[in-house]
Amino acid sequence: MGKIRAFFGRLFAGRYGLDSLGKFNIIAILLFLILLNIGYAVKNNVFVWVVRIIYILLIMLFFFRALSKNHVKRALENQKYLGVKSRITGWFRLQKQRFRDRKTHIYRKCPYCRAVLRLKRIKGKHRAACPKCGASFEVNVR
Ligand SMILES: [Zn+2]
């Protein structure tokens, strides 16, 4: 038992392991496994081949990253992934708020810094000051 443990300890020593991108990679692998079975069920050979290739590449990518010894590079990839993920979830959160406040507020992008401003829905032309960059701009509420 001790020997096996030592063997795996040596094998995984210094390896990168599992991060958020790795977890997403596992979900993608499972998704493509389902797609592969759908392909088998409908007997579409081209579809099965395309899905199988992506499926194998995803598995290879997962092991490449998990067993990698270049922690800096893998951590950078993970940071990039988390950035994209937060942009996507942030966009959905904004749409939800927009819908919730649709009768009382409007959402406008600051033309200078592109920050999204939540403004009271009062009809007419107004000047809005951006709290992020301090610039002010014309807003027309209909
Ligand atoms: Zn601004």
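Owing to the predicted nature of the structure, the values given are computational and were not obtained by experimental measurement. (Residues numbered from 1 in each chain as written. Predicted model: local features only at pLDDT ≥ 70, side-chain atom pairs only at ≥ 80, totals over all residues. Heavy atoms only, no water.)

Draft legend 1. Geometry of helix α3 (residues 45-66). Given a rise of 1.5 Å per residue, 22 residues ought to cover 32 Å, and the 31 Å separating the end C-alpha atoms of α3 matches this to within 8%. Among the residues of α3, V48, V51, Y55, L58, F62, R65 and A66 are the ones counted as buried. Each buried residue of α3 lies within a common arc of 135° when the element is viewed along its axis, so the set occupies one face. Looking at α3, the residues exposed on the side facing more than 90 degrees away from the buried face are N45, V46, W49 and M60. In this structure, the buried side of α3 is in contact with α2 (20-42) and α4 (71-100). For α3, the side-chain oxygen to backbone nitrogen distance between the N-cap and V46 is 3.3 Å, and the N-cap itself is N44. (Helix = DSSP H or I, 4+ residues; strand = E, 2+ residues; numbered from the N terminus. Expected span 1.5 Å × (residues − 1). Buried < 20%, exposed > 50% of the residue type's maximum accessible area, 1.4 Å probe, protein only. Arc of directions from axis to C-beta. Contact = heavy atoms within 4.5 Å. Polar contact = N/O pair within 3.5 Å; in protein donor to acceptor, adjacent residues only side chain to side chain.)

Draft legend 2. View of the coordination of the zinc ion. For the zinc ion, the protein coordination sphere consists of C110 (SG), C113 (SG), C130 (SG) and C133 (SG), at 2.3 Å. If you look at the zinc ion, its four donor atoms make angles of 108 to 112° with each other, and the shape they trace is tetrahedral. Along the chain, the residues donating to the zinc ion are arranged with the sequence spacing C-x2-C-x16-C-x2-C. Remark: C130 occurs in the loop between β3 (124-129) and β4 (136-141) and C113 occurs in the loop between β1 (105-109) and β2 (116-120); sequence separation between them is 17 residues. (Donors = N, O, S within 2.8 Å, 3.2 Å for Na, K, Ca; no water. Tetrahedral: all angles 85-135°; square planar, octahedral: opposite > 155°, others 65-115°.)

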